Structure formats: C-alpha cells, structure tokens
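Here are the chains, one letter per residue:
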Amino acid sequence: MTQIYLAAALGVAGLAAVGFAGARVVVAARTLRREIAEAKARLEPGRARLTGRGDETMPQAAYDRG
C-alpha cells in the first residue's frame, strides 16, 4: 500500500514540475515576443528610410539595365 502512495506522490510531483516548467516557457515566450516587437519598432524607421531610396541602396536588376 505504501508503494501506491509513493507512486502517486511521485506522479503528482512530476506533473507539478512539468507544469512549472511549462509556465516558465510561456512567460519567456511572452517576454521574447515583447522584445521582438520593440526591436522591430526601433528598426522600422530606418528600414522605411532605406527602402525609400531604392535606386541608391539597391543595385539595378539585370533586366532593368537596358
């Protein structure tokens, strides 16, 4: 009978550990998503400025050279 209780306790402890690790993964994913959004917001003005001058920053394609 003691073995059954021990097995049940170990099962519950294992599930608790997996649940805790899963919660940490969710929190880390939210933090990463927020950091990516902030980085994208900081980089967007520079990207828009560079793509606005396509003829200066990008070489002409072979079919555009004439």
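Placed above this text is the structure.
So, a few notes on the structure that sits alongside this text. (Residues numbered from 1 in each chain as written. Predicted model: local features only at pLDDT ≥ 70, side-chain atom pairs only at ≥ 80, totals over all residues. Heavy atoms only, no water.)

1. Notes on the overall build of the chain
This is how it is decided: Working definition: helices are DSSP H or I runs of at least four residues, strands are E runs of at least two. Numbering for both runs from the N terminus. Method for areas: the Shrake-Rupley scheme with a 1.4 Å probe, in which residue coverage is limited to the protein chains shown.
What the chain contains, in helices and strands, is two helices and zero strands. Element-wise, carbon and sulfur atoms account for 65% of the exposed surface of the chain, whose accessible area totals about 6,200 Å².

2. A closer look at a nonpolar patch on the surface
For clarity, the cut-off: Patches in this entry comprise residues that are over 30% relatively accessible and not in a salt bridge; like charges within 9 Å are linked, as are nonpolar side chains (Val, Leu, Ile, Met, Phe, Trp, Tyr) within 5 Å. Salt bridge criterion: a side-chain nitrogen from Lys or Arg within 4 Å of a carboxyl oxygen from Asp or Glu. Remark: exposure states derive from per-residue accessible area (1.4 Å probe, protein chains only) relative to the maximum for the residue type, with buried under 20%, exposed over 50%, and partly exposed in between.
There is a patch of nonpolar side chains on the surface, built from M1, I4 and Y5 and spanning about 410 Å² of accessible area. When you line up the elements, Y5 lands in helix α1 (residues 2-52). Assessed through its relative accessible area of 56%, Y5 is described here as exposed.

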